[in-house]
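Spelled out, the chains give:
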Amino acid sequence: MSTWRKSAYSGLAIMLVSVMALTGCSGNGNGNGNKATNEPAATNSETAAASEAPASEPSVFKLGSEPINFSFYGHYDWYSMPAWGGDEATKWIKDNMKVDITPVQSGGNAAQKLNTMIASGKLPDVIWMDRGADVEKLREAGMLVPFDDYLDKYPNFKKWVGEEAINMLRSKDGKIYQFPNWYTSQPNGNAGYLVNKKIYAELGSPAIETTDDFYNYLKQVKEKYPNVTPFNPDLAIDGQGLDVLYGAFGEDYSPAYVANRAVPSGDKLTSLFLDPVFRESMQFASKLFREKLMSPDALTQTKDQVKEQAYNGTAAVFAGASPTEYGAVGDSELKKKDPNSGYMMIWPVHKAGLDKSKIWSGTYTQLGWNVSVITKSAKDPEKIFAFLDYLTGPEGTRTLFWGPEGIYWKGTDADGAPIFTDAYTSDVEGRTKMMDATVNFQWNGNTVFIDTSKMKFELTLPEEQQSWEARWQNAITWKTQKNATEYINLAPAPDSEEGIIAQSFEELYKEARAKALYAKSDEEVLAILDKAQKDAEAIGYDKLLAFKTTKWQENLKSMKG
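Numbers given for residues are sequential positions, taken from 1 along each chain in its written order. Whole-chain, interface and lining totals are the exception, using all residues; otherwise, since this is a predicted model, local features are given only for residues with pLDDT of at least 70 and side-chain atom pairs are given and counted only at 80 or more. The basis for every side-chain value is the complete set of heavy atoms in the structure, and neither hydrogens nor water enter the calculation.

**Details of helix 19 (residues 497-517)**
What sets the pattern is the α-helix's 3.6 residues per turn: residues three or four places apart point alike. Secondary structure follows DSSP: runs of H or I at least 4 residues long count as helices, runs of E at least 2 residues long count as strands, and numbering of each begins at the N terminus. What a helix should span is 1.5 Å times the count of its residues minus one. Compared with an ideal rise of 1.5 Å per residue, which puts 21 residues at 30 Å, helix 19 spans 30 Å between its outermost C-alpha atoms and is within 8% of the ideal. Note on exposure labels: buried denotes an accessible area under 20% of the residue type's maximum, exposed denotes more than 50%, and partly exposed covers the range between, all computed with a 1.4 Å probe on protein chains only. All buried positions along helix 19 are accounted for by Glu498, Gly499, Ile501, Phe505, Leu508, Tyr509, Ala512, Arg513, Ala516 and Leu517. Where helix 19 is buried, its residues touch helix 8 (240-246), helix 9 (255-260), helix 10 (276-290), helix 20 (522-539) and helix 21 (541-559). Note on contacts: a residue pair qualifies if any of its non-hydrogen atoms lie within 4.5 Å across the two residues.

Shown next as structure tokens:
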């Protein structure tokens, strides 16, 4: 999940959120700016407006000119919205922008909750949800408000999301109904390899560049540290720790291929089971597993168990979609016991002979994670849009992300970036507490503004004062994530023929991957994948691939405008 603080969402984000149902069926969200002007940005000490339009423009709503109140529902089993105004940032917005928000909770059963609301005809004003089929069902039912009439009145959406991403957001009727979260126009992401520094140093700091180097290093760990797990991939969400390994065996091969269960070949998407890179990566993973170089609980452990190993230093290498999430905390915890301990990240490993600059451990998309939609239940949809537009702009982002002006930042530079105070670096605990309090309010995250503002400041500090996440994002992770925007929203509607095939295929795929991991030889891995291919053909995999190909080609066309 920003690629800096939104790591609290990691594994929920960036391609990572559990799929929700709508009207009785499983949903299928998939998954992922322009430079700020040089005009000085308004600070919190000034009365904020939702738009840069002239004050005399009667049709433009000025945020803060009158109170607005709306209801908000996060369509996820795991999501529970905190009390709006219960922290310093949202209290400032509530008091100064006169915005109050009433939460509607899922109660741990988002599908049932939304179905009940739809049946009753009482939808919340705003729904925060995955892109894709669920949004389109609401739109087709005439339940959503289009944003098109607002885009020129309130400038942040159009300015920061950018034309190409806006084109990708358009529904079949050509209109915009979705406000994206953590959208970006530049690389970001946290996927990669996390290495225990103390173990690495004690083993002589050997090169870990190729897959052979990686294998030999894990063997050394096993021999010298019998109580340490050599390699612990985080598979808690959709096996993403193995997806990191996938990219090691092919130049410009994207983990998005595995996520979509389809690999491009020319202008078509083809079978993952027949993909040579996938087959070789599964052979390698199986070899690590059967030689006890990988955690024996890799397929069953929870994310909390992965974090526990990271905090205790009982694994030598981790891999996942966002190991920075536990790497930063683990680094701090281990350093409390030994200042020479902690964690570092390494450049993604690659098969010997391949170009390391064309190896990708993760992906990002220009549309980011999920979206907010405004329903026709809203009394004042334009005012709500004005608020969302404010929230994604520099002022709203500064306030929500780093707290109100005057504590950890004061004033802004020419690009609107906050000028951080001494407390920002001296009071790390307080700053972290303030920022953590607003994680579940980051509905319209502006990745480029946050990452640029943060990194601009971080790079002025000595390395030892830089945040752990920022150091490794700048050095490795942001450079090794591949743009996968063209592969978003490929999943069919769950109640369609292709959607039913997709559900059956998903069960088949997970079973085949597990069997391949437990295989006794490389030959057995291939035999398992060959059988999986035949079984997939029998349930209509070719038809599913044809559907995804069509959606992919539509994406490519949309991206070109």
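**Overview of the sheet that holds strand 6 (residues 179-180)**
A pair of strands is considered paired only if DSSP assigns at least 2 bridges between the two. Strand order across the open sheet formed by five strands is 4-3-5-14-6, with mixed pairing between neighbours. Two strands lie at the open edges of the sheet, namely strand 4 (99-104) and strand 6, each paired on one side alone. Sheet analysis places strand 5 (residues 126-129) next to strand 14 (residues 371-374), joined by four bridges and oriented antiparallel. Its bridge partner lying in strand 14, Trp128 is registered against Ser372. Orientation is described by lines fitted to C-alpha atoms, with helices fitted over the stretch in contact, and by angles between N-to-C directions that extend from 0 to 180 degrees. Running at roughly 155° to strand 5, helix 3 (residues 133-140) makes contact with strand 5 and strand 14 of the sheet.

**Section: the packing of helix 1 (residues 88-96) against helix 14 (residues 394-402)**
Put simply, helix 1 and helix 14 touch, their axes get as near as 7 Å, and they point 140° apart. Judged on the interaxial angle alone, helix 14 and helix 1 are oblique. Contacts between helix 1 and helix 14 involve Ala89, Thr90, Trp92 and Ile93 from the first element and Glu395, Thr399 and Leu400 from the second. Three residue categories are used. Nonpolar comprises Ala, Val, Leu, Ile, Met, Phe, Trp, Tyr, Cys and Pro, charged comprises Asp, Glu, Lys and Arg, and polar comprises the others, including Gly. Considering only residue class, the contact of helix 1 with helix 14 consists of four nonpolar, two polar and one charged. Any angle from 65 to 115 degrees is called roughly perpendicular, while one under 35 is roughly parallel, one over 145 is roughly antiparallel, and all others are oblique.

**Side note on the pairing of strand 3 (residues 68-74)**
Counted residue by residue, strand 3 has six buried out of seven residues, so it is predominantly covered. Relative to strand 4, strand 3 runs parallel, the two sharing six bridges. For Ile68, the partnering residue across the bridge sits in strand 4 and is Val99. Crossover handedness is defined by viewing with both strands directed away from the observer: a clockwise path from the first strand over the helix to the second marks the crossover as right-handed. One crossover worth recording links strand 3 to the parallel strand 4 by way of helix 1, and it is right-handed. Inspection of the sheet shows strand 3 paired to strand 5 by three bridges, in the parallel sense. Each residue of the ladder has a partner; that of Phe72, found in strand 5, is Val126.

**Some words on unusual backbone geometry**
Peptide bonds are, in most cases, trans, and in most cases residues other than glycine have a negative phi. Phi is positive for Lys98, close to 60°, though the residue is something other than glycine. Counting through the fold element by element, Lys98 comes out in the loop between helix 1 and strand 4. Overall, the relative accessible area of 34% leaves Lys98 in the partly exposed class. For Ser205, which is not glycine, the phi dihedral falls at a positive 50°. Along the chain, Ser205 falls in the loop between helix 6 (197-202) and helix 7 (211-224).

**Concerning the side chain of Gln309**
Tracing the backbone shows Gln309 in helix 11 (residues 303-312). For Gln309, the side chain forms a polar contact with the side chain of Asn232, separated by 2.7 Å. Sequence-distant contacts of Gln309, that is, excluding residues within four places in its chain, are made with Thr229, Asn232, Thr314, Ala315, Phe318 and Tyr343. In protein, a polar contact means a hydrogen-donor-capable atom and an acceptor-capable atom, both N or O and within 3.5 Å, with residues adjacent in sequence counting only if both atoms are side-chain atoms; elsewhere, any N or O pair within 3.5 Å suffices.

**Focus: the sheet that holds strand 11 (residues 315-320)**
With mixed pairing, the four strands of this open sheet are ordered in space as 8-11-7-12. Both edges of this open sheet fall to strand 8 (229-233) and strand 12 (343-346), since each of them pairs with a single strand only. With strand direction ignored, the average angle separating the axes of adjacent strands in the sheet is 25°. Relative to strand 12, strand 7 (residues 192-196) runs antiparallel, the two being bridged by four bridges. Its bridge partner lying in strand 12, Val195 is registered against Met344. Sheet strands touched by helix 18 (residues 468-475): strand 7 and strand 12. Its angle to strand 12, the strand with the most contacts, is close to 15°.

**Here we look at the packing of helix 7 against helix 10**
At a minimum axis separation of 11 Å, helix 7 and helix 10 run at an interaxial angle of 10°. Considering the angle they form, helix 7 stands roughly parallel to helix 10. Two secondary-structure elements touch here, helix 7 through Thr211, Phe214, Tyr215 and Leu218 and helix 10 through Phe284, Lys287 and Leu288.

**Describing the side chain of Ser341**
For Ser341, the position within the fold is in the loop between helix 12 (324-337) and strand 12. Its relative accessible area of 6% is what places Ser341 among the buried residues. Beyond its immediate stretch of four places on either side in the chain, Ser341 contacts Lys197, Lys198, Asp331, Leu334 and Lys335.

**Observations concerning the nonpolar core**
To define a nonpolar core, start from buried Ala, Val, Leu, Ile, Met, Phe, Trp, Tyr and Cys residues and group those joined through side-chain atoms within 4.5 Å. Phe214, Tyr217, Phe273 and Leu288 are the most contacted members of the largest nonpolar core, which has 78 residues in total. Excluding residues within four positions of it along the chain, Leu288 makes contact with Phe214, Tyr215, Leu218, Phe231, Leu245, Leu293 and Met294. Counting 62 residues, the second largest nonpolar core, distinct from the first, contains Ala386, Met435, Phe457 and Ile488.

**Quick look at helix 3**
The element helix 3 is extensively covered by neighbouring structure, given that seven of its eight residues are classed as buried. Within the sequence span of helix 3, burial applies to Ala133, Asp134, Val135, Glu136, Lys137, Leu138 and Arg139. Downstream of helix 3 by a residue or two, Gly142 has a phi angle that is positive, lying close to 75°.

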